[in-house]
Structure formats: structure tokens, C-alpha cells
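Structural characterization, general
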Amino acid sequence: MWLILSQALIAGAACCSSGATFPSILGFSDRLQLGTTLTGSSSVGASNSQGDSFFFNNEEADRSLLHSVYGSFRLGDSWQGGATVNWFTRQKESYDTSESSTGLADTSLYLGYEFDSHLILSITQVIPTAENSFESTRPLRTDAMGRGLWTTSATLMWRDTRGLWDHHLAGALRYGWANRFDRPQTGEVSVDSVWGASAIVGGGYQWPFKRIRSGLGVGLQWDQGLTERDRFQVRSSSYKMVWDLVADLSLPLLDFGNFSIAYKDQTLLGPTQNADLSRSVSVAFSRAWSL
Amino acid sequence: MRGSILFLSLMTGCGSPLFDHKINARPSARQESVATPSLEGADDCQYSFPQTTLCAQIIFDEAPFFRTEAFTAVLKIWSSDGSSLPEIKSAPIVFHQHPQQCCRPAPIHVSFVSPGQYQLSPIEFHAGGTFDFFVEIERAPGDTVIAKVVVDVADS
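Residues numbered from 1 in each chain as written. Chains lettered and ligands numbered in written order. Predicted model: local features only at pLDDT ≥ 70, side-chain atom pairs only at ≥ 80, totals over all residues. Heavy atoms only, no water.

Turning to the confidence of the model for chain B, a few remarks are in order. Residues and elements named next belong to chain B. Taken residue by residue, chain B gives an average pLDDT of 77. The fraction at 70 or more is 72%. No element of chain B has a lower mean pLDDT than helix α1 (residues 2-13), at 66, and none a higher one than strand β3 (residues 54-60), at 92. Interface confidence in the predicted complex, given as ipTM, is 0.83; pTM for the same model is 0.79. (pLDDT = per-residue confidence, 0-100. Helix = DSSP H or I, 4+ residues; strand = E, 2+ residues; numbered from the N terminus.)

Written as C-alpha cells, this is what we have:
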């Protein structure tokens, strides 16, 4: 559940690979966890700054594949930490133009504190290891895999289990630090710091049969508009907002690990603004070692 | 039945993109009727470099519009008072942005044709509307000036 929850609490815009870098949180009784996630996404269009949505026609496509590897470990009775490394491939088509890029996406580190078995606070630092949109050189910008900003976020998560039912609630506040880039041809561009926030609420049911769990969550992502300055001008974009609807299914594989699959859809709920809209399927495998 | 109606009402009421969207327009056929602008016809100094008598214009081989193959264009720089063009130390830097597509510049390569005329690499437009083209020239080492040239791109 925490993997799915974490992925839904994505930091940042849907355009960028920093989205899936929030690492998996350890279970209350776990000492160590290793995992990997493969996420295939297909952008179906975008909402503009007026909130109007435009979907691609059949001569346009924007697909991506994100492979994440993460590890998290217990640092003490209440403390835990972890890291996530991501590898990204993106392919776009626009009429007669087709383009693809692959490379390292943003990397993240986190430190978590468990107040009790229900409540955990985590601080995450996204390290902009990916190529970013400000330094992109390709016409369709498939090489822009990250936002380029060091982003610090604080997430407060609450979870509870009642019998076979569980539910969770989480909110995240993030801050992207101002940064400077060397843009091809036009020179230095400075980007102002930017705030963002996410929230998710969801629940699940563990079926008695083979302990399969199914869950459903709704998330909201909001990002302040970006302001950039170069020697030509100052330009600002409006805020971004997109809703996630996440359905997931997880299956414990005896003592070997946990397998889960999740579907996320950003086209069902609105309003949305200034954001790419995508549908994605994630397949995850993780193994945890208990205390 | 009642549930379905409620669901659809909720989706449309909250602005669900799935239930309230448009499909991107396909590119139109090339606009054959658009005449090719002549370089001589662009001599009115609509866009100028600040604190100079220099003017700039970007002349497309045909009126640009949204979503088609790339357009070719020429950058022309001249002096509005008829004086000879001062030496420009290096090729101008040109880039363009759409006001509603923040932070998505595409590099434009500039090659010298003749004094005051430069060929721009093919330019694709991934949106319609008004684009700002910025032209920077270096008159002397460290002495740069920038002109903004506005280009209207038809939606289809």
C-alpha cells in the first residue's frame, strides 16, 4: 500500500520524471526493504492555463517508461531512511516527427519518523540528476526528464487498519529551490523557487482469499506557476493542478516478497489546469525483512 | 441507472477532462494561396533594437500556421535612417516562445547569407497564437541589444 501511496504523492508536475521518485516507506515492523517498480505511462493530452483540456489525435503520442529501484532501511526505533534511483525512457510522436530519449531521471533520498504505527512524517530531497526542461536541446523535448530543481518535501501520512479494511490520508508540501541553468544558445536562465502541494485519501480491502488487497485512492497535485528570467525577458506560467485516481492490487508472494499492480488515471477527475494528462500502469515488486 | 446519471453529472460538473475535452486539430493542408513575402516589403521598422536605429524583421517563406512541417524564414536587419549597417560581430541569436507555453524554447540556428540577412533553421510551431521572437546582436564585444519580433501563427 505504501508504495502505491508514495507514487500517488508524486512531487511535481506530470511532465517530469521526478514524479515517481518518492521512495517506499518501510512497514512498522520491517527492518529493510528493497524494491523495483516499472511504470508505463501514456500521456493523452494536456490542460491549458485556462483549464481547457485537449487530447491528442491519432498522429500524436507521448509515452514513457520509468524504472525505479529503491531501498529503505530502519535507522532506529522510529527513524527510517531510503533512496530511489530512476531510469527513464520517453518517446514522442508529432505528425511527421518522432523522437525518443533515455537516461537517468531524478534521484531522491528520504528520512522518515514514525510517531506511532499510524502516523509518519517523511522529509524527501529530490536531486535533479536528470536532464531538465531548461537545458533541453531536442525539438520535442524528450530529453527533458526532470524539473531541474532541487526539491525538498515534507509529507505527513496517516494510516489505519480496521479488520480487513484499511484507509490512509496523506499531505505533502514541497519547495523547489531556485536554480540557474545554461540554456543552449540563449545563455543563462534563472528559475525562481516554487511551492507545490499534494494530498491523497484512499482505502483498501484485504480479501480473505490469498490475502489479496485491492485499493482505491484519490490524489490532488498542485504546483505554483514557474517564473524564469533570462537576458531576454521574465516569463511566468500559471499554476498546475491535476487529479489522480489510483486503483491498485497487491499480492503477497508467501515469504518471498510482495507484488503489486496499480493503475493511475489523470483524465477522470477535474478541474485540471496547465498540466499533462496521463494514464499509467505500474508493476512493483518488493521484499521486506522484518525486525 | 440513477447511479450512472449521478456519476456522469459529477464528472461533467467537476470538469473531468475525459468528459469535457477537445481533440487536437489536425494540420491543415498547406495554405497555397498565401503569397511569399518579399524582403523589400518588410522595410517598415515595426520592430527595432532599443537605443539604435536598427530594425529587425523575420520573413517567412509562407504564413506560418500550427502543426505542420517546419517553416523556413529569413532574419533581416537594417538601419531605419538609411545609413549603412554597422558591423555585427557574430551571428545573431534568435529564439522564440509562445506566451502560453512557458519555458519551451526551441533553438534556432542562424547562418549568414549577406550583410543584414540571415537564414534561420526550419521552425516548427506546436501551438497557434502569437509568438515572441527575440533577436540579439552583438555590435561590439559585450555590447548586445535585443529586439522583439512578434509573429502570428494561425491555429490551423
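Right, let's get into the sheet that holds strand β7 (residues 110-114) of chain B. Backbone-to-backbone hydrogen bonds join strands into a sheet, with any given pair of strands oriented parallel or antiparallel. One open sheet holds the five strands; their spatial order is β2-β3-β4-β8-β7 (chain B), and the pairing between them is antiparallel. Single-partner strands in this sheet number two, and they are β2 (47-48) and β7 of chain B. (Pairing = 2+ DSSP bridges.)

The peptide bond linking A:Gly270 to A:Pro271 adopts the cis configuration, its omega dihedral lying at 5°. Tracing the backbone shows A:Pro271 in the loop between β17 (257-265) and β18 (275-290). Although it is not a glycine, A:Asn274 adopts a positive phi angle of roughly 50°. Relative to the assigned elements, A:Asn274 resides in the loop between β17 and β18. Its identity is not glycine, yet B:Gln51 carries a phi of approximately 60°, on the positive side. In this structure, B:Gln51 sits in the loop between β2 and β3. Residue B:Gln51 is classed as exposed on the basis of its relative accessible area of 84%. (Buried < 20%, exposed > 50% of the residue type's maximum accessible area, 1.4 Å probe, protein only.)

Residue and element names in this part refer to chain A. Evaluation of the coordinates by the stated rule reveals 13 salt bridges over all chains. As a salt-bridge pair, Arg-213 and Asp-166 come within 2.9 Å of each other at their nearest N and O atoms. Remark: Asp-166 occurs in strand β9 (residues 165-176) and Arg-213 occurs in strand β13 (residues 213-223); sequence separation between them is 47 residues. When its relative accessible area of 11% is taken as the criterion, Asp-166 is described as buried. Between Glu-188 and Arg-180 there is a salt bridge, with the nearest N and O atoms lying 2.7 Å from each other. Classification of Glu-188 as partly exposed rests on a relative accessible area of 47%. Note on Arg-180: relative accessible area 55%, which makes it exposed. (Salt bridge = Lys/Arg side-chain N within 4 Å of Asp/Glu carboxyl O.)

With that settled, consider the interface of chain B and chain A. A common measure of how large an interface is: the accessible area buried when the components associate. At the interface, 35 residues of chain B touch 40 residues of chain A. With both chains or domains summed, chain B and chain A bury close to 3200 Å², and 54% of this area falls on carbon and sulfur atoms. Taken together, the connections running from chain B to chain A amount to one salt bridge. Of the charged contacts in the structure, one is a salt bridge between A:Arg235 and B:Asp132, with a shortest N-O distance of 3.5 Å. Mapped by element, the contributors of at least two residues to the side of chain B that touches chain A are β1 (21-23), β5 (93-97), β6 (106-108) and β9 (129-140) of chain B. Ranked by the residues each element gives to the side of chain B that touches chain A, the list is headed by β5(B), at four residues. By residue class, the composition of the side of chain B that touches chain A is 18 nonpolar, nine polar and eight charged. Bridging between strand β2 (residues 53-55) of chain A and β1(B) involves three bridges; their strand directions are parallel. Bridged to A:Phe54 within β1(B) is B:Lys22. (Contact = heavy atoms within 4.5 Å. Buried area = accessible area lost by both parts, 1.4 Å probe. Nonpolar A, V, L, I, M, F, W, Y, C, P; charged D, E, K, R; others polar.)

It is worth spelling out the environment of A:Arg63 at this point. Residues and elements named next belong to chain A. Mapped onto the secondary structure, Arg-63 falls in strand β3 (residues 60-74). You can call Arg-63 partly exposed: its relative accessible area is 40%. Between the C-alpha atom of Arg-63 and that of Ser-100, which follows or precedes it by 37 residues, the distance is 9.3 Å. Within polar-contact distance, the side chain of Arg-63 engages the side chain of Gln-91 at 2.8 Å. (Polar contact = N/O pair within 3.5 Å; in protein donor to acceptor, adjacent residues only side chain to side chain.)

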